[in-house]
Amino acid sequence: MTTTAHIPFNKPFMTGRELWYIAQAHTNGHLSGDGAFTKRCHGWLEQKAGSRRALLTHSCTAALEMAALLADLREGDEVIMPSYTFVSTANAFALRGAVPVFVDIRPDTLNIDETKIEATITPRTRMIVPVHYAGVACEMDTIMDIARRHNLLVVEDAAQGIMSTYKGRALGSIGHMGAYSFHETKNIIAGEGGALLVNDPVYAERAEIIREKGTNRSQFFRGQVDKYTWVDIGSSYLPGEVIAAFLWAQMEEADSITTRRLALWHQYDELLAPLEERGLLRRPRVPADCVHNAHMYYILLDSLEQRTRVIASLKQQGISSVFHYVPLHSAPAGLRHARAHGELPHTDGLSERLLRLPLWVGLEEHLPRVVTALKEAL
Ligand SMILES: *Cc1c(COP(=O)(O)O)cnc(C)c1O
């Protein structure tokens, strides 16, 4: 029976305490944002990531939008980022009238090629947005050095990067700001959810204000001001306590979730090593300075045609495998709102050949079947 069961690409993992904490939030009678569960989540993030200030948001997209507001981006400002990323990386800044400028990716990690950033800088450049693909860090020392020398901000899109480190530092905590996602396809989930890490204290106070509709509500509740009012532009970026309660159950289990995902990742990596030796595929590369979180197991195939055949063949065996981003520089909105810096050969080539395999807590007993089916497909 299990040999014919469908294997989905993703299956959200529940720790078992989510509903219990949601019931507690219900009993507490505080359902809007910034209650007891939100504070626990903030504390956990600040401690885990070593960040000055963590703020829960509705999504990573919302956290990136907050970063764009905090940076005071203006019409025509340029933001350097990879084209091989999710739409929100670019959208959050394009919403402010800024222009995403795309740089090619490295063929090993599929992260932004740090050696190509400097040539892209113009007098309008304000920011660099490294995206830690698959939870594997970008070359942050080089990126931070470029940013310092050119007086640029660095906002890490660490949507996939919770529990990963670069030279011992948590992803999301290295740039001036960082953004996490708790979308159900990520490692630690809340359905929809995210967080902004404010690492440079210069932005901490204004981040609270922007997140609370442009009011100084947080200062008021801390007794720092005697009335609360409209003090800046802003929006409503904070989730309610029901989301935070769910997320807290996940954060409590973040270590065990990561351990189990890593075990699956390494199982794939060992079982697929002989296929790489025979030149049938390429496995992910993780630089020595990076500890990753097993967000994703992907393989690189020979061509788009081969990938299409493999996806169909796995599907016939009841296994869902998926490709990933359509590069933003070739997407309709990318053509209108952004520009590529020269040719992006690795972005174009690798995005057509990348295939993501199922990876979720609970896959353990099914994983060998995925590998067998993949071998047959190849
Ligand atoms: C998932 C993801 C996002 C968006 O996260 P949401 O929480 O869904 O807004 C942004 N960037 C990257 C790289 C992602 O993987």
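Residues numbered from 1 in each chain as written. Predicted model: local features only at pLDDT ≥ 70, side-chain atom pairs only at ≥ 80, totals over all residues. Heavy atoms only, no water.

## A few points about the sheet that holds strand β4 (residues 125–128)
No. 1: Read across the open sheet, the 8 strands follow the order β1-β9-β8-β5-β4-β2-β3-β12; overall the sheet is mixed. Of all strands in the sheet, those bounded by a partner on one side alone are β1 (53–57) and β12 (339–340).
No. 2: Relative to the sheet, helix α2 (residues 36–49) contacts β1, β8 (177–181) and β9 (194–198), its axis offset from that of β1 by approximately 130 degrees. (Pairing = 2+ DSSP bridges. Helix = DSSP H or I, 4+ residues; strand = E, 2+ residues; numbered from the N terminus. Contact = heavy atoms within 4.5 Å. Axes fitted to C-alpha atoms, helices over the stretch in contact; angles between N-to-C directions.)

## Considering the packing of aromatic side chains
No. 1: Applying the stated rule across the entire model yields 9 aromatic pairs.
No. 2: Consider the rings of Tyr84 and Tyr325, whose centres lie 5.1 Å apart with planes at 75 degrees: the pair is edge-to-face. Here Tyr84 is found in the loop between β2 (78–82) and α4 (87–94), whereas its partner Tyr325 is found in the loop between α10 (304–316) and α11 (332–337), with 241 residues between them in sequence.
No. 3: What makes Tyr84 buried here is its relative accessible area of 2%. (Phe/Tyr/Trp six-rings, centres within 6.5 Å; stacked < 30°, edge-to-face > 60°. Buried < 20%, exposed > 50% of the residue type's maximum accessible area, 1.4 Å probe, protein only.)

## Focus on the UniProt feature "active site" (unreviewed entry) in the protein chain
No. 1: In the numbering adopted here, UniProt assigns the feature "active site" (unreviewed entry) to Lys186.
No. 2: Mapped onto the elements, Lys186 comes out in the loop between β8 and β9.
No. 3: Assessed through its relative accessible area of 17%, Lys186 is described here as buried.
No. 4: Those residues in contact with Lys186 that sit more than four places away from it in its chain are Ala159, Gln160, Ser181, Arg261 and His295. (UniProt positions renumbered as here; feature names shortened; annotations may be inferred.)

## Quick word on unusual backbone geometry
No. 1: You will see that Asn151, though not glycine, has its phi angle at about 55 degrees, which is positive.
No. 2: Take Asn151: it is sitting in the loop between α5 (140–150) and β5 (153–157).
No. 3: With phi around 60 degrees, Lys213 is a residue other than glycine that occupies positive phi space.
No. 4: Secondary-structure assignment places Lys213 in the loop between α6 (204–211) and α7 (217–221).
No. 5: Overall, the relative accessible area of 41% leaves Lys213 in the partly exposed class.

## Regarding helix α8 (residues 241–252)
No. 1: Over its 12 residues, α8 extends 16 Å from the first C-alpha to the last, a length consistent with the 16 Å expected when each residue adds 1.5 Å.
No. 2: Most of α8 sits out of view: 9 of its 12 residues are buried.
No. 3: Within α8, burial applies to Glu241, Ala244, Ala245, Phe246, Leu247, Trp248, Ala249, Gln250 and Met251.
No. 4: For α8, the elements touching its buried residues are α1 (18–28), α2, β1 and α9 (254–277). (Expected span 1.5 Å × (residues − 1).)

## Some details on the nonpolar core
What tends to happen in soluble globular proteins is that the nonpolar side chains get buried as a cluster.
No. 1: Counting 49 residues, the largest nonpolar core has Leu45, Tyr180, Phe182 and Met251 as the members making the most contacts within it.
No. 2: Looking at this core, the elements that each hand over two or more residues are α1, α2, β1, α5, β9, α8 and α9.
No. 3: Per-element tally for this core: the top contributor is α8, with 7 residues.
No. 4: The residues that make up this core include at least three from each of domain 1 (18–252) and domain 2 (254–377).
No. 5: Sequence-distant contacts of Leu45, defined by excluding residues within four places in its chain, comprise Gly50, Ala54, Leu56, Ile162, Tyr180, Phe182, Ala195, Leu197 and Met251.
No. 6: Counting residues in each nonpolar core, the second largest holds 36 residues, with Ala63, Leu64, Ala179 and Val198 among its members. (Core = buried A, V, L, I, M, F, W, Y, C linked by side-chain atoms within 4.5 Å. Domains from an automatic or database assignment.)

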